[in-house]
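Structural features, examined
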2 protein chains.
Amino acid sequence: MDIIANLVEALRCLPGVGPKSAQRMVFHLLQHSRDRGLRLAACLEIVMRDVVQCVSCNNYTLHHVCDLCTQIDRNDAIVCVVENPLDVMAIEQSHSYNGKYYVLMGKISPIDGIGPSDLGLPKLLERVMTSPVQEVILALNPSVEGQTTMHYIQELLKHTKVSITQLAHGIPIGGDLVLLDAMTIGRALKKREIIDFVD
Amino acid sequence: MDIIANLVEALRCLPGVGPKSAQRMVFHLLQHSRDRGLRLAACLEIVMRDVVQCVSCNNYTLHHVCDLCTQIDRNDAIVCVVENPLDVMAIEQSHSYNGKYYVLMGKISPIDGIGPSDLGLPKLLERVMTSPVQEVILALNPSVEGQTTMHYIQELLKHTKVSITQLAHGIPIGGDLVLLDAMTIGRALKKREIIDFVD
């Protein structure tokens, strides 16, 4: 059983997986889906071994420059700045954006020793200065560190000619007023819109 | 990003892992623990490809007969019958048992089409008849199917000379009376023990 105990231990590198759930995973795979387990092993090996960061946007990719940066039908004039590759995936899944991305891979956090240069912010400035960027969308999450990072980027880009925007705040679609915070409701009231049934 | 999307999808073969937690797992591994991810891939491949069932006790193993069955210092006269390999692990971790095991890999469940022969119960009877077994411990979980299976095994072994036992019921150590069901408390009261401070 040593090799099984090793696998149980190895599964614990996955966030949120404790000893009991790791055991359950191993025996579920052995009993019901060995093929899918083998496929997972193969995918995992390729990703862990071969994935690098795109030299242009920092996102994960198998190539020197990622697919999103090389797609010629995407709008070069807009750059959406996000915290991490999960945000890129979330925005892509909305099918509502056709510009480029810049992935910070974190946010400014002095307590963790993460400063502007760790996030490649000088590279972002260079990109804005040397390419035909007209708009930078700051799509960071509104945590304290996210806000700090957005303010820093605003200062950084102040003297360039790009317009700096952020995602609209408001009630999430399907959101329940009772469960929402007062600040979001206040903001949604202030920015209320005339109902347009064509929309 | 296709290869990353493939890995996210592949991770969903693990029980309890949805699309969002799979994404989080992939980016956690890429950012923080590629080595552990590679090790997981290697372990997973070996287990999925090479693990078989022990011909003697049905437990998972890399060999024809498993380590627990071949250990010469274990007591051949006691066989502990359990539902699945996780139960073997749990009992081994208690360091309180030195006999052999028999793993049913399930329990009798007519609704799922699982009958006595699917659980290798004829093989258990043969083992009891042909080897020096003196005691069979029924360590199945007390669900309806578990109880049914235990009754079936009791009937099956009635005419052999083995004694059939079950694990003691009672209050779990550290258990909170308020959170326990009435049946357990009733049983624990009925079977109350004189306090023995030497224990």
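Above this note sits the structure.
Calculation rules
- Residues numbered from 1 in each chain as written.
- Chains lettered and ligands numbered in written order.
- Predicted model: local features only at pLDDT ≥ 70, side-chain atom pairs only at ≥ 80, totals over all residues.
- Heavy atoms only, no water.
- Pairing = 2+ DSSP bridges.
- Helix = DSSP H or I, 4+ residues; strand = E, 2+ residues; numbered from the N terminus.
- Axes fitted to C-alpha atoms, helices over the stretch in contact; angles between N-to-C directions.
- Contact = heavy atoms within 4.5 Å.
- Disulfide = S-S within 2.5 Å.
- Right-handed = clockwise from strand over helix to strand, strands pointing away.
- Buried area = accessible area lost by both parts, 1.4 Å probe.
- Salt bridge = Lys/Arg side-chain N within 4 Å of Asp/Glu carboxyl O.
- Polar contact = N/O pair within 3.5 Å; in protein donor to acceptor, adjacent residues only side chain to side chain.
- Parallel < 35°, antiparallel > 145°, perpendicular 65-115°, else oblique.
- Left-handed = near helix turned anticlockwise from the far one by under 90°.
- Nonpolar A, V, L, I, M, F, W, Y, C, P; charged D, E, K, R; others polar.
- Buried < 20%, exposed > 50% of the residue type's maximum accessible area, 1.4 Å probe, protein only.

1. Examining the sheet that holds strand β5 (residues 135-138) of chain B
Residues and elements named next belong to chain B. Here 4 strands make up an open sheet; going across it, the order is β4-β3-β5-β6 and the pairing parallel. The open sheet has two free edges, formed respectively by β4 (99-103) and β6 (163-166), since each of these has just one partner strand. Each neighbouring strand pair of the sheet contributes to a mean axis angle of 25°, computed without reference to strand direction. Contacting β3 (75-82), β4 and β5, helix α6 (residues 121-130) runs over the sheet at an angle of about 155° to β4.

2. So, the state of the cysteines
Tallying each qualifying case throughout the model produces 0 disulfides over all chains. A:Cys57 provides the cysteine sulfur closest to A:Cys54, a residue in no disulfide bond, and the two sulfurs are 3.8 Å apart. B:Cys80 forms no disulfide, and the closest cysteine sulfur to it belongs to B:Cys57, at a distance of 11 Å.

3. Observations concerning the pairing of β6(B)
Residue and element names in this part refer to chain B. Two elements, β5 and β6, share 4 bridges in a ladder whose sense is parallel. Within β6, the residue paired with Ile-137 across the bridge is Thr-165. At this point the chain moves from β5, through helix α7 (residues 144-156), to the parallel β6, and the crossover so formed is right-handed.

4. Observations concerning the interface of chain A and chain B
Counting residues at the interface gives 48 residues for chain A, matched by 47 residues for chain B. In total, about 5200 Å² of surface goes out of reach between chain A and chain B, with carbon and sulfur atoms giving 75% of it. Counting across the interface, chain A meets chain B through 0 salt bridges. Remark: the boundary between chain A and chain B carries 4 residue pairs in polar contact (both at pLDDT 80 or more). Mapped by element, the contributors of at least two residues to the side of chain A that touches chain B are α1 (2-11), α2 (19-32), α3 (34-50) and α5 (85-93) of chain A. Residue contributions to the side of chain A that touches chain B peak at 14 residues, all from α3(A).

5. Some points on the packing of α1(A) against α2(A)
Residue and element names in this part refer to chain A. Viewed as axis vectors pointing N to C, α1 and α2 meet at an angle of 125°, and their least axial separation amounts to 8 Å. Between α1 and α2, the angle is such that the two are oblique. Considering only the axes of α1 and α2, their crossing is right-handed. The segment α1 lies against α2, with Ile-4, Leu-7, Val-8 and Leu-11 engaging Pro-19, Ala-22, Gln-23, Met-25, Val-26, Phe-27 and Leu-30. By residue class, the composition of the contact of α1 with α2 is 10 nonpolar, 1 polar and no charged.

6. Points about the sheet that holds strand β3 (residues 75-82) of chain A
Residues and elements named next belong to chain A. If you trace the 4 strands from one edge of the open sheet to the other, you get β4-β3-β5-β6, paired in parallel fashion. Both outer strands of the open sheet, β4 (99-103) and β6 (163-166), are each paired with one neighbouring strand and no more. Across this sheet, the average inter-strand angle for adjacent strands is 25°, counted without regard to direction. Each of β3 and β4 is contacted by α5, which is oriented at about 160° to β4, the strand it contacts most. Across the sheet, helix α6 (residues 121-130) is in contact with β3, β4 and β5 (135-138); its angle to β4 comes to roughly 155°.

7. Considerations on helix α5 (residues 85-93) of chain B
Of all the residues in α5(B), the buried ones are B:Pro85, B:Leu86, B:Asp87, B:Val88, B:Met89 and B:Ile91. Looking at the packing, one finds that the buried side of α5(B) touches α1 and α2 of chain A together with β2 (60-61), α4 (67-70), β3 and β4 of chain B. The residue sitting at the N-terminus of α5(B) and contributing the capping side-chain oxygen is B:Asn84; that oxygen lies 2.9 Å from the backbone nitrogen of B:Leu86. Directly beyond the C-terminal end of α5(B), a positive phi value near 50° is found at B:His95.

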